[in-house]
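Given next are the chains, with one letter for each unit.
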Amino acid sequence: MDTTALDTTQTASGQASSLLDILVLGGWVMVPLVLLSLLTIYLLVERLITIRQAASDPEAITDRVREFVRSGNVEAAIQYCEEKNVPITRILQQGLERLGRPISEIQDAVQAAGKHETFDLEKRTNLLASIAGIAPMLGFFGTVVGMIRAFQQIQNLQGNVNPSVLAGGIWEALITTAAGLLVGILALFSYNYLMGRIRRLSNDMERSATDFIDLLQEPVSPERSEELPS
């Protein structure tokens, strides 16, 4: 039998057992911290998938819609938006379906659609911000509780305690602080990263919406005016 492989397996098993023991020593506060860390990872992955699905080429989409509108083929433009089915095309579709109405009404519809799409992209990101604030405080709370237990133990021993016992009680209490800070840092990074991606998408949507409104305000030739819906 390969003794090297056996030693490696035993080391890995010992490290896993040691990590589990450390988590257990943190007390009941570690349970919500572990749950918050799992929730953070879930929210990060879920929002990244949503953002990736929402990503598109705003210039190419706007140019394509502009071609359809200038040629008077509004139905084809709407169909194109339905096929793409991304936030930018859903916003433009709201405007296309209202062609012929006052420009202010079209602009209001486009802006309302943009706000709705932005809200959908930002959905549940506020939970990450909350976790970033709650996790460190929860960790500090666990540390305070652990310190109280440590000093109670010292009192029960009537002061006959050596430095190693005192140090052991303190480092056990500090486990929750370290865990809380780790979860808080992960949640804060995830929140800022996601919001950066969402802001870029929102900027693309606003630029496409503005280009679309500008397109409707371009001078219309007599041929185009006959083709556009009244």
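Predicted model only: the values in this text are computed from it and were never measured.

Calculation notes
- Residues numbered from 1 in each chain as written.
- Predicted model: local features only at pLDDT ≥ 70, side-chain atom pairs only at ≥ 80, totals over all residues.
- Heavy atoms only, no water.
- Helix = DSSP H or I, 4+ residues; strand = E, 2+ residues; numbered from the N terminus.
- Buried < 20%, exposed > 50% of the residue type's maximum accessible area, 1.4 Å probe, protein only.
- Contact = heavy atoms within 4.5 Å.
- Areas by Shrake-Rupley, 256 points an atom, 1.4 Å probe, with all protein chains shown as cover.
- Salt bridge = Lys/Arg side-chain N within 4 Å of Asp/Glu carboxyl O.
- Axes fitted to C-alpha atoms, helices over the stretch in contact; angles between N-to-C directions.
- Parallel < 35°, antiparallel > 145°, perpendicular 65-115°, else oblique.
- Nonpolar A, V, L, I, M, F, W, Y, C, P; charged D, E, K, R; others polar.

Chemist: Would you mind showing me how to read the overall build of the protein here?
Modeler: Across its full length, the protein holds nine helices and zero strands. Listing each helix as α and each strand as β along the protein from the N terminus yields α-α-α-α-α-α-α-α-α. Expressed as a percentage of its 230 residues, the buried residues of the protein come to 37%. Residue pairs in contact within the protein that sit at least 24 positions apart in sequence constitute 82% of those at least 6 positions apart. Carbon and sulfur atoms form 59% of the exposed surface of the protein, whose accessible area is close to 13,800 Å².

Chemist: Sorry if this is basic, but what is going on with the environment of Ser130 here?
Modeler: Within the secondary structure, Ser130 sits in helix α7 (residues 125-156). Given a relative accessible area of 37%, Ser130 falls into the partly exposed group.

Chemist: Please explain the pattern of salt bridges as it appears in this structure.
Modeler: Note that side chains of opposite charge can pair when their charged atoms are close. As enumerated under the stated definition, the model contains eight salt bridges in all. Through salt bridges with shared partners, a single network forms among Glu46, Arg47 and Arg124.

Chemist: Could you clarify how one ought to interpret the packing of helix α3 (residues 58-70) against helix α4 (residues 74-84) in this entry?
Modeler: The axes of two packed helices give the description: the angle between them and the distance between them. The interhelical angle for the contact between α3 and α4, taken along N-to-C directions, is 155 degrees, at an axis separation of 8 Å. Taken together, the axis directions place α3 and α4 in an arrangement best described as roughly antiparallel. Along its contact with α3, which presents Ala60, Ile61, Arg64, Val65 and Phe68, the element α4 presents Val74, Ala76, Ala77, Tyr80 and Cys81. In the contact of α3 with α4, the residues fall into nine nonpolar, no polar and one charged.

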